[in-house]
Amino acid sequence: MSEILDLVGIFVFALSGALMGVRKKLDGVGMLVLASMTALGGGVVRDLILNVRPIAFQSLGYVLVPVAATVIVFFWHPHVARVMPAILVLDAAGLGLFCAVGTEKALEYGLNPLHAALLGVVTAVGGGMLRDVLAGEIPTLLYDRQLYAVPAMLGSGVMAALSSYGLHGWPATLAAALLAFGLRITSMRFNWRFPMAKGAGQ
Amino acid sequence: MSEILDLVGIFVFALSGALMGVRKKLDGVGMLVLASMTALGGGVVRDLILNVRPIAFQSLGYVLVPVAATVIVFFWHPHVARVMPAILVLDAAGLGLFCAVGTEKALEYGLNPLHAALLGVVTAVGGGMLRDVLAGEIPTLLYDRQLYAVPAMLGSGVMAALSSYGLHGWPATLAAALLAFGLRITSMRFNWRFPMAKGAGQ
Amino acid sequence: MSEILDLVGIFVFALSGALMGVRKKLDGVGMLVLASMTALGGGVVRDLILNVRPIAFQSLGYVLVPVAATVIVFFWHPHVARVMPAILVLDAAGLGLFCAVGTEKALEYGLNPLHAALLGVVTAVGGGMLRDVLAGEIPTLLYDRQLYAVPAMLGSGVMAALSSYGLHGWPATLAAALLAFGLRITSMRFNWRFPMAKGAGQ
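The rules behind the values
- Counting restarts for each chain: residues are numbered from 1 in the order of the written sequence.
- Labels are handed out in written order, letters beginning with A for the chains and numbers beginning with 1 for the ligands.
- Given that the model is predicted, a residue must reach a pLDDT of at least 70 before its local features are reported, and side-chain atom pairs must reach 80 or more before they are shown or counted; all residues, however, enter totals for whole chains, interfaces and linings.
- For the side-chain quantities, the full set of heavy atoms in the structure was used; hydrogens and water were omitted.
- A least-squares superposition brings the copies together, and it is based on the C-alpha atoms of residues with pLDDT no lower than 70 in both.
- Two residues form a contact once any of their heavy atoms are found within 4.5 Å.
- Geometry is summarised by axes, namely lines fitted to C-alpha atoms with helices restricted to the contacting stretch, and by angles between N-to-C directions that run from 0 to 180 degrees.
- The secondary structure listing takes helices from DSSP runs of H or I that are at least 4 residues long and strands from runs of E that are at least 2 residues long, numbered from the N terminus.
- With respect to orientation, any angle under 35 degrees is reported as roughly parallel, any angle over 145 as roughly antiparallel, any angle of 65 to 115 as roughly perpendicular, and every other angle as oblique.
- Crossings are assigned a handedness: left-handed for a near helix turned anticlockwise from the far helix by less than a right angle, right-handed for a clockwise turn.
- Just so you know the grouping, Ala, Val, Leu, Ile, Met, Phe, Trp, Tyr, Cys and Pro go in nonpolar, Asp, Glu, Lys and Arg go in charged, and all remaining residues, Gly too, go in polar.
- Any pair of Phe, Tyr and Trp rings, taking the six-membered ring for Trp, is counted once the centres come within 6.5 Å. Such a pair is stacked with planes under 30 degrees apart, edge-to-face with planes over 60 apart, and tilted for the rest.
- Three labels apply to residues, based on accessible area from a 1.4 Å probe with only protein chains included: buried if under 20% of the type maximum, exposed if over 50%, partly exposed otherwise in between.
- We call a charge positioned above a ring when the Lys NZ or Arg CZ atom is no farther than 6 Å from the ring centre and deviates by at most 35 degrees from the ring normal.
- UniProt positions are given in the numbering used here, feature names are shortened, and annotations may be inferred rather than shown by experiment.
- Buried area: the accessible surface (1.4 Å probe) lost by two parts on joining, summed over both.
- By convention in these notes, a salt bridge is any Lys or Arg side-chain nitrogen within 4 Å of a carboxyl oxygen on Asp or Glu.
- A 3.5 Å cut-off defines polar contacts: any pair of N or O atoms within that distance qualifies, except that in protein one atom must be a possible hydrogen donor and the other a possible acceptor, and neighbouring residues in sequence count only when both atoms are side-chain atoms.

K.L.:
How should the relation of the copies chain B and chain A be read in this particular structure?
P.N.:
Mapping between the two copies of the chain is achieved by a rotation about an axis and a shift along the axis. By a simple turn and slide, chain B fits onto chain A: the slide is 0.0 Å along the axis, the RMSD is 0.0 Å, and the turn is 120°. Seen this way, the second copy is the image of the first under a three-fold rotation axis. Interface residue correspondence from chain B to chain A reaches only 10%, placing this contact among heterologous pairings that use different surfaces.

Structure follows, in C-alpha cells:
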C-alpha cells in the first residue's frame, strides 16, 4: 500500500519534470532525465543520507514509472498541460505523501524527530530543486510561491510529533500527509506567500 | 588493465572540463575544479549510490590525472583546442568505457540488470552534467545533441544483457564499450538527433 | 571544543547564505534553504564520501544554528550587511577551520594524506558552491577572487602533512586552520588572484 502511494507520487512528480522539459524545448532524452530527477531525486538524497542503498535502485517500478510519464507527456503534452490544474492537486498530494513517508523512514533508521522531519522535507522538495537547477532556473522553492516548503515542514513535523507520542503506522502517515496536502491546496487557493525580509534586494 | 582504461577516460573528460574553464574565462583553480568534477563526478555518484567509498578517494591516479590535464590545458590550451576533433573521439571512447565499466561494477554489487544499466548511464554522463551546471549552463545532455545519452544507454543495456547470459570479463566490457563508442561516433558524423515532442516550447 | 568551533563556522557560513537570499529577493524559506545549504553542504558531502551518516543529521546544533542565523538576517539584515567586513574575516576563519577539521576527520577514517586533503577542501568550499549554484550563479570559487580555494588547499595540505609526521590533536588543527586563515586574509588585503590561462575566453 505504502509503495503504491509512493509510485503515484513519483508518477505525478515525473509528469511535472517532463512538462518542464517540453517548455524548455528539450528533446525526449532531456525530458526523461528531468522526469527521473524530479521523481527520484528527493528519495535518493534521503537514502544516501540514511546511508542505505537508494530504493530507486532496488525496485523496478521506480525506474519504469518515470519512463511511462515521459512517454505520455512526449505524445500527449497538450492534453497533459490542459489538465495541469488537476496535476497541481496531485502534486500537492505527492508533496504530502513524500514528506510523511520520508519522515517515517528516517525515524525507522533511528534519527531523532527533528532530524527525521528535516529529512522528510528534503525528500519532498529535493527532486523539484534538482529539476529546476538542471533546467537552468533558480528553484521556485526559494521563492516559495504559494507556500511549498512550509506544508512539507508541517507534514514532516506532525509525522515526527505523532511518532514521539507512540502513534505509528498508516493512519499517522495519512494524517500528516493530509495536513500538508490541505495547507498546500489552501495556500494555492488564497495565494498565501511567505514574507520576504524588509527591504530585500535594495 | 581496467584501471588504466578508466584513467584514460578520466584524462579525456578532465581535458574537456578544463577547456570549458578556459572558454568561461575561469582562473586555474576554476579549471581544476571543472576538470575534476567532469572526470570524477559520475564515478563518485555511482559509488555513493552503491554505498561504497568512492574509488576516486582511494586511488592516487584519480586525483593526479585531473591535475595533469589541467596543467596541460593551462599552458597549451590553443594546441589542445586545435586537436579537439581528436578529443571528441577520445571523449566518445571515455563515454563507452564509463558506461560499460559502471554497469559492470553495479552488477558486481548485486543490482539487477535494469538498475545496473541505469547506474552505468549515470556514471557515463554524470560528470558532464555537473560540469555544465557549475559552468552555469543547462547540461548539453538534455538537448542530447548528436545523441550522447542514447549511446550510453545502448552500451549499458548491452553490458547488462551480456551479463544476464553469463558473459562477463573484459571481452564483454569491450564489446559494450565499442557499441556505445560506435553509435556516438556515427551520430556525430551524421548529426543524428533525438526528436523533441511535437509543438514543444510553444 | 572542536564542535563549538565547528558551530561557529556553521553560523558564519549560514549568515553568508541568508544574506545571499536577501540580495536575490528570496523569501524567508529561500533564505533558510540557502543558509542551511551553505553551512551544512560541505560537511554532508564529506560524510557521504566517507560513507558515514552526516553529522548534520545527528547533532541538534547543526540544524538550529542555520535557523538562528536566518532569523537574525531576516530581521536585522541591514545591520548584518554593515558588519560584512567583519563577517568576511569570520568566513575566512570558518574556511580555515573547516578545511583542517575536514582533513582530520578524513584521516581518522583511513584516507591517505592526499585524499584526506582533497576531502578537506571539499568540506571547506562545498557549501559555498551549492549556495551559488542554487542562487543561479557560477560559483565564485571558480574565479577564486582573492584566493579562496588556495588557502583551503594550503590548510588541508599542512594538516595532512603534520599528521603524516605524527602530529595530531588540536594544536595541529589550529596551526593548519591559522595558516589557511592567514593566507585568505592576506590575499583579500592585497587582492591576490590566481592566474588565468593566457588568451582564455578569446
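K.L.:
Explain the packing of helix H2 (residues 28-49) of chain A against helix H5 (residues 113-134) of chain A here, please?
P.N.:
Packed helices, taken two at a time, are described by the angle their axes make and the gap between the axes. Residue and element names in this part refer to chain A. It is the contact of H2 with H5, at a shortest axis distance of 7 Å, that shows an interaxial angle of 140°. Comparing their axes, H5 and H2 come out oblique. Between H2 and H5 lies a crossing whose hand is right-handed. Touching Leu34, Met37, Thr38, Gly41, Gly42, Gly43, Val45, Arg46 and Ile49 of H2 are Leu119, Val122, Thr123, Gly126, Gly127, Gly128, Leu130, Arg131 and Leu134, all from H5. For the contact of H2 with H5, a count of residues per class yields eight nonpolar, eight polar and two charged.

K.L.:
Sorry, what's going on with the side chain of serine 59 of chain A here?
P.N.:
Tracing the backbone through its elements, the reader meets serine 59 of chain A in the loop between H2 and helix H3 (60-82). For serine 59 of chain A, the residues in contact, after removing those within four places along its chain, are Glu3 of chain A together with His115 of chain B.

K.L.:
I tried to follow the packing of aromatic side chains on my own but got confused; where do I start?
P.N.:
The relation between two aromatic rings is expressed through the spacing of the ring centres and the mutual angle of the planes. All names here are of chain A. Per the stated rule, a full pass over the model turns up 12 aromatic pairs over all chains. With a centroid separation of 5.1 Å and an interplanar angle of 75°, the aromatic rings of phenylalanine 74 and phenylalanine 75 are classed as edge-to-face. Look at phenylalanine 74 and you get buried, because its relative accessible area is 15%. On the basis of relative accessible area, phenylalanine 75 is assigned to the exposed category, the value being 56%. The ring of phenylalanine 190 is capped by arginine 189, whose NZ or CZ atom sits 5.1 Å from the centre of that ring.

K.L.:
Is there a simple way to explain the UniProt feature "domain: Glycine transporter" (unreviewed entry) in chain A in this structure?
P.N.:
Per the UniProt record, "domain: Glycine transporter" (unreviewed entry) is annotated on residues 4-77 and 89-162 of chain A. Annotation note: span residues 89-162 of chain A, helix share 76%, strand share 0%, distance between end C-alpha atoms 25 Å.

K.L.:
I'm lost on the interface of chain B and chain A in this one. Help?
P.N.:
Put simply, an interface is often sized by how much accessible area is lost when its parts join up. Taken together, the contacts link 31 residues of chain B with 32 residues of chain A. With both chains or domains summed, chain B and chain A bury close to 2600 Å², and 72% of this area falls on carbon and sulfur atoms. Of all residues in chain B, Ile49, His115 and Leu142 of chain B give up the largest surface area on contact with chain A, accounting jointly for 24% of the area buried on that side. Linking chain B to chain A there are zero salt bridges. Summed over the shared surface of chain B and chain A, the result is seven residue pairs in polar contact (both at pLDDT 80 or more). If you list the elements that add at least two residues to the side of chain B that touches chain A, you get helix H2 (28-49), helix H5 (113-134) and helix H6 (149-164) of chain B. At six residues, the largest contribution of residues to the side of chain B that touches chain A is made by H5 of chain B. Classifying every residue of the side of chain B that touches chain A by side-chain character gives 23 nonpolar, six polar and two charged.

K.L.:
Please explain the pattern of salt bridges as it appears in this structure.
P.N.:
Note on pairing: side chains with opposite charge can pair once their charged atoms come close. Residue and element names in this part refer to chain B. Per the stated rule, a full pass over the model turns up 12 salt bridges over all chains. A salt bridge links glutamate 137 to lysine 24, with the shortest nitrogen-to-oxygen separation between them at 3.0 Å. Pair noted here: glutamate 137 is in the loop between H5 and H6 and lysine 24 is in the loop between helix H1 (2-23) and H2, with a separation of 113 residues, a long-range link. A relative accessible area of 24% places lysine 24 in the partly exposed class.

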